[in-house]
Amino acid sequence: MTSDKYYIPYLIPAAILTLALAIRLPVIMRFWRIDPNVRSLGGLLLLGSAVFYFGRPKTLALLNSSTGVSNFAAPLVYSLLTLFCASCLVMVIHWRGGDPRRVRRTIWTIWSVYASVVAGLWVTFAFADVPVERLRDLDTYYANTPWMREHILLYLGAHTAACLITATVIRSWLREVTGWLRAGLVFLVFGFVLNLAYDAVKLIAVVARWTGHDLDWLSTYVAPPIASVCALFVAVGFILPHAGQAAQVLWTDYRQYRSLAPFVRELDGLDTGSLRLPRRTPLSRRLVQRRTLISDGLLRLQPYMDPGVRGRALAEALARDEAPDRAAATADAVAVVVAVRSLRRGVPPVAGAVAGPGAVDGAGAGPGGVPAREAAGVPVPGSAGGPDLVAVARALRRSAVVGSFRERS
C-alpha cells in the first residue's frame, strides 16, 4: 500500500482548485451561455482539479482494477492534463481579446491541435505493451518501451509547448495591464515557468533511462511536488483577478457603508419612508438603501436648510485652515445638524431655504446669486454628480466646527 504522505502533493492542489471552482460556481452557472471567459475559467478549474484527483496513486490503482487494463489510468490522466493545457491557452486568448473572428479561429486551432494530441495518446497506448502496473514511476519504467516511449514524449511535448507559449504571451502582456489582472498574470508566469521545470525534470529522468542511467528519483520524488506548487500558482493566477476585484468592491462598499453611519444617526427619527432590510441582505443593497435613506432625509430637510448658517460654518471652517473641499463638507454637515434640530423642535421653515438637496449639494446661493462655495472661493465638488455623502458623514463625526455649532444650537 502506498504511504499517505505521497497523496499530499495531489490532494492539496486538488482541494484548492475545487474550492476555487466552488467559489466561482454561482457566476459560472449564471453566465455560462453568454460569457466565454466564464466557460473557459470553469473548464480550466474543473480539468485542473480532475488531473490531481485522478493522478493520486490510490485513484490510479482503482481505475486500473475497475477497467481490468494495466495502467489504463495513464492515458486518462495525461489526456486530462493535455486538455488542461489547452484550457489555459484558451483562457489567455479570451483575456487578451481582439478581433472576434481571429479569437475564434485561434481557439479552434488550439482545440484541434490538442484534441489530436489526446487521440495520439490513446492510439500509442493501445499499441504499447504495458503489462506491469506502475503507479508512481510509469514514465521512467516504460521509457524504452516501443509506443509507450512515444506516448510519454507526446504528452510531455504538448505540456511543454502549452506552458512555454502561455508564459511567453503572458509575460509580453504584463506591460499593458495594471491592478488585479497584472497581479494574477505575475502568478501565472511563475506557475507556467515552474511547469517548464516539471517537464525538464521528467525529460531528464526519461533521457537518463535511454542512455542507461538511473535518475528515476527525479520523476518519482521531485516532479510531483513541483507540479503541486505549479498548480497553486496557476490557480491563484486565474482566480486573483476575479476574486481580488470582487474583494476590493466589497471592501469599498463596506468602508462607505460604515462611513455613512454618522449621517444615518443624525437623521434618526425622521420620517423618510425607507424600509428596513433583513440582516442577510447583500452589502451592496444595504449601501444603496443607506444612501437612499440619506437622500430622502435631505429632501425632508429642504425647507429647514439655512444658507446663512451654512455660510457662517463655511467661513469658520476656512478660518480653521481646513482644506476647501473639507470646509465645504463641514459647512454641509452644519447645515444638516441645524436643519434636523429645527425640524425636531417645530421651528418654522426658513424663508429662502435652499431648493434641492440644499447646502449639501453646493447649490446654496451667495451674494449676487453666486453659489455659496464659489462666493467663498471654495470649489463646488460634486455639483454635477451630487453631494459627497461620505465627506459630510466624516465631518459630522470629526469636525470641531460641527461640534461647536451643536453646542451653540
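Residues numbered from 1 in each chain as written. Predicted model: local features only at pLDDT ≥ 70, side-chain atom pairs only at ≥ 80, totals over all residues. Heavy atoms only, no water.

*Asks:* How would you sum up the overall build of the protein chain? Please name residues and give values.
*Replies:* A tally of regular secondary structure across the protein chain gives 16 helices and 0 strands. Buried residues in the protein chain amount to 46% of all 409 residues. In the protein chain, the share of contacts with a sequence separation of at least 24, taken over all contacts with a separation of at least 6, comes to 74%. (Helix = DSSP H or I, 4+ residues; strand = E, 2+ residues; numbered from the N terminus. Buried < 20%, exposed > 50% of the residue type's maximum accessible area, 1.4 Å probe, protein only. Contact = heavy atoms within 4.5 Å.)

*Asks:* Describe in detail the packing of aromatic side chains, supporting the description with residues and values.
*Replies:* One pass over the structure, following the stated rule, counts 7 aromatic pairs. Measuring from ring centre to ring centre gives 3.7 Å for Y78 and Y155, while their planes differ by 10 degrees; the resulting arrangement is stacked. Note that Y78 is positioned in helix α4 (residues 73–96) and Y155 in helix α7 (residues 148–173), a separation of 77 residues in sequence. Side by side, Y78 and Y155 carry an identical accessibility label, which is buried. (Phe/Tyr/Trp six-rings, centres within 6.5 Å; stacked < 30°, edge-to-face > 60°.)

*Asks:* Describe the nonpolar core, and please don't skip the residues or the numbers.
*Replies:* Counting 58 residues, the largest nonpolar core has M148, Y155, L185, L188, F192 and F238 as the members making the most contacts within it. Among the elements that make up this core, the one with the highest residue count is helix α9 (residues 216–259) (10 residues). Excluding residues that lie within four positions of it along the chain, L185 makes contacts with W95, I170, W173, L174 and V177. Ranked by size, the runner-up nonpolar core spans 40 residues in total, among them L267, I294, M305 and V340. (Core = buried A, V, L, I, M, F, W, Y, C linked by side-chain atoms within 4.5 Å.)

*Asks:* Would you mind going over the pattern of salt bridges in detail, with residue names and values included?
*Replies:* This model, assessed by the stated rule, comprises 6 salt bridges. One salt bridge connects K202 with D139, and the closest N-O pair in it is separated by 2.9 Å. Of this pair, K202 sits in helix α8 (residues 179–210) while D139 sits in helix α6 (residues 138–141), placing them 63 residues apart in sequence. Residue K202 is classed as buried on the basis of its relative accessible area, which comes to 8%. (Salt bridge = Lys/Arg side-chain N within 4 Å of Asp/Glu carboxyl O.)

*Asks:* Could you give an account of helix α3 (residues 57–67), naming the residues involved and the relevant values?
*Replies:* Along α3, the positions that sit buried rather than exposed are P57, T59, L60, L63 and N64. What you see down the axis of α3 is that its buried residues fit within an arc of 165 degrees, all on one side. Set apart from the buried face of α3 by more than 90 degrees, the exposed residues are L62, S65 and S66. (Arc of directions from axis to C-beta.)

*Asks:* Which residues make up the packing of helix α2 (residues 36–55) against α9, and what values do they have?
*Replies:* Contact geometry of α2 with α9 gives a least axis separation of 12 Å together with a crossing angle of 160 degrees. One finds that α2 runs roughly antiparallel with respect to α9. In the packing of α2 onto α9, the handedness of the crossing is left-handed. Facing α2, whose interface residues are L41, L44 and F52, α9 presents A227, S228, A231, F238 and H242. (Axes fitted to C-alpha atoms, helices over the stretch in contact; angles between N-to-C directions. Parallel < 35°, antiparallel > 145°, perpendicular 65-115°, else oblique. Left-handed = near helix turned anticlockwise from the far one by under 90°.)

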